[in-house]
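Examining the three-dimensional arrangement
Chain by chain, the residues run as shown.
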Amino acid sequence: MSKPRLRPLMLGGTGSDVGKSLIAAGLCRIFRQDGYAPAPFKAQNMALNSYATPDGLEIGRAQAVQAEAAGIACSTDMNPLLLKPSGQCTSQVVLNGRPVGNRDAYEYFRREGRGELRREVCSAFDRLSLKYNPIVMEGAGSIAEINLRDSDLVNIPMARYAQAAVILVADIDRGGVFASTYGSIMLQQPDDRKLIKGVIINKFRGDMRLFDEGRRMMEEICGIPVLGVVPYAPDINIDEEDSVALDGKNTAPTSEPERVNIAVVRLPYISNFTDFNILSRHPQAHLYYTFTPAGIEAADVVIIPGSKATISDLTRLREAGLDGAILAAAARGASVVGICGGYQMLGLEVADPDGIEGTPGTVSGLGLLPVRTVLEGSKVTRRVVAQYPDGTPAGEGYEIHMGRSVLLGGTPLFRLADGSFDGCRVGNVRGSYLHGILDNPAVITPLLQRHLADAAPVSFDPAADRNREFDRLALLLRQHVDIKKLYEIITLPDND
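Presented here is a report on the structure given in the accompanying data block.

Conventions we followed
Residues numbered from 1 in each chain as written. Predicted model: local features only at pLDDT ≥ 70, side-chain atom pairs only at ≥ 80, totals over all residues. Heavy atoms only, no water. Core = buried A, V, L, I, M, F, W, Y, C linked by side-chain atoms within 4.5 Å. Buried < 20%, exposed > 50% of the residue type's maximum accessible area, 1.4 Å probe, protein only. Contact = heavy atoms within 4.5 Å. Helix = DSSP H or I, 4+ residues; strand = E, 2+ residues; numbered from the N terminus. Polar contact = N/O pair within 3.5 Å; in protein donor to acceptor, adjacent residues only side chain to side chain. Disulfide = S-S within 2.5 Å. Phe/Tyr/Trp six-rings, centres within 6.5 Å; stacked < 30°, edge-to-face > 60°. Lys NZ or Arg CZ within 6 Å of the ring centre and 35° of its normal. Pairing = 2+ DSSP bridges. Axes fitted to C-alpha atoms, helices over the stretch in contact; angles between N-to-C directions.

1. Remarks on the nonpolar core
A general feature of soluble globular proteins is that nonpolar side chains tend to end up buried together. Formed by 60 residues in total, the largest nonpolar core has its most connected members in I262, V265, I303, I326 and F414. Setting aside anything within four residues of it in sequence, one finds I262 in contact with L279, A285, H286, L287, Y288, V301, I303 and L448.

Following this line, the structure appears as structure tokens:
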């Protein structure tokens, strides 16, 4: 018997970082477990965590994660519009997977030109809805930014177009949950208010029974059901969308001798920090983020991550005194690893003759790798399979960068399936353009074993670990959200 057709479902928020992305991923997994064919959709995403689709296009990392939870390949239709902040008021605009230029915030959020963007995101939704059921939509930030109502592409106007049922997600941990929930509903236009069918209270700490009366009161004042109260669950590890999630990461090394201290330099414009989430789960690793020389000095492994503003972040790194600490770490035998922008920083120089990142010019790199980089306007976006130069498989990764690096010495780090090479290695220093390469045991194990003396490597399967986390998230939502009621809300009548 075929499954009933389900109405699209949108997770809207009372604000940013309330847990919309996580709950959307969990619902994608639940619908998949229940025999449906779900797909995620976020019309517009603003994030520096991005991902390469199988056809070499770029989308927000959160929608790629949600697609993985749904058991399907990701596509640009799941996130047709991506904004990647590259300055205080400037973002690169990625439309249908390809960059179309930089915009300042005022220019972008004006009403002019919004009609074309609205048509693009609606067309992407239409294509997706022909293939999948249900569509699990995600809003952005707060659904009640009334000053942006006319230009909004992603929240209530998108739900209205999709005829979606909106579930409001509210974060009780930050306080003011009654005011933010009630205000988010009452600030809508009367017709739009009717789209909001329920509330999920997220990040509750303590005895859930303490909110029983609060739940009743919220239903009374808001006039819609509270579908669930989800506990704060920091032990469930799903890749995050926003860099605000870094505030909850480890910031100090460990003294446990059986674990390798891995310091990730927390660059101001850090991108794709999800590259390192698997290392934070590995039983023989201790991952922490730092922007101090002392944090670098305590590390066995130092990672310089990707950046949306490589030259600016390299300058800030020097101003903070981290350049000397990284050079000293390499000299004492620590493993120093650069990914994408971090790889460029490890080289001899980074040139920006066309002003891709701002004022044209050239800056000296850290000089640990014999590499020269020129930033270019064309962006490389592709998925790759890598092996070591001796032919040993390394694993899969993906490239998203706007630079070309030329090796003047050293050894290429990887050979790619098309016969080209990636990265550079000199002794204990290595750099690569490949995001996600540290998700592969063939790369993780030798990196850790170099600092574990005679300790035997621990078997750890990153793919299986991610799959278990999706199942744990789905179970958590089944335990604390009225999934039966949710199905009643989104199941369409037979004649619809």
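The discussion continues.
2. Focus on the side chain of Q92
Structurally, the position occupied by Q92 is in strand β7 (residues 90–95). In this structure the side chain of Q92 is engaged in a polar contact, spanning 2.6 Å, whose partner is the side chain of K379. Among residues more than four places away in sequence, those in contact with Q92 are L82, L83, K84, S86, P99, G101, N102, K308, K379 and M402.

3. Considering the state of the cysteines
Scanning the entire structure with this criterion turns up 0 disulfides. Residue C424 stays outside any disulfide, its sulfur separated by 15 Å from that of C340, the closest cysteine. The buried category is assigned to C424, whose relative accessible area is 0%.

4. Quick look at the packing of aromatic side chains
The tally for this structure, following the rule as stated, stands at 10 aromatic pairs. Taking the centre distance of 6.0 Å and the plane angle of 55° together, the rings of F204 and F211 count as tilted. By the burial criterion, F204 is buried, and F211 matches it. Ring-pair connections join several aromatic residues into one group, and the members of that group are F31, Y36 and Y487. Its guanidinium or amino end placed over the ring of Y232, R205 lies 3.8 Å from that ring's centre, counting from NZ or CZ.

5. Some details on unusual backbone geometry
Residue N133 is joined to P134 through a cis peptide bond whose omega torsion reads 0°. Relative to the elements of secondary structure, P134 occurs in the loop between α4 (114–131) and β9 (135–138). Of note in this structure, C340 is not a glycine but carries a positive phi near 55°. Tracing the sequence through the fold places C340 in the loop between β18 (335–339) and α13 (341–346).

6. Concerning the environment of L95
Relative to the elements of secondary structure, L95 occurs in strand β7. Looking at L95, the relative accessible area reads 15%, which means it is buried. Separated by 350 residues in sequence, L95 and T445 have C-alpha atoms that sit 37 Å apart. Residues contacting L95, with those up to four places away along its chain left out, are P80, L81, V100, L117 and E120.

7. Thoughts on the sheet that holds strand β16 (residues 301–304)
If you trace the 6 strands from one edge of the open sheet to the other, you get β15-β13-β16-β18-β26-β25, paired in mixed fashion. Two strands bound the open sheet, and with one partner strand each, they are β15 (285–290) and β25 (424–426). Here the average twist between neighbouring strands, direction ignored, is 15°. Pairing of β18 with strand β26 (residues 429–432) involves 4 bridges; the strand directions are parallel. Note on β26: the bridge partner recorded for V337 is R430. Relative to the sheet, helix α12 (residues 322–331) contacts β13 (260–265), β16, β18 and β26, its axis offset from that of β16 by approximately 135°.

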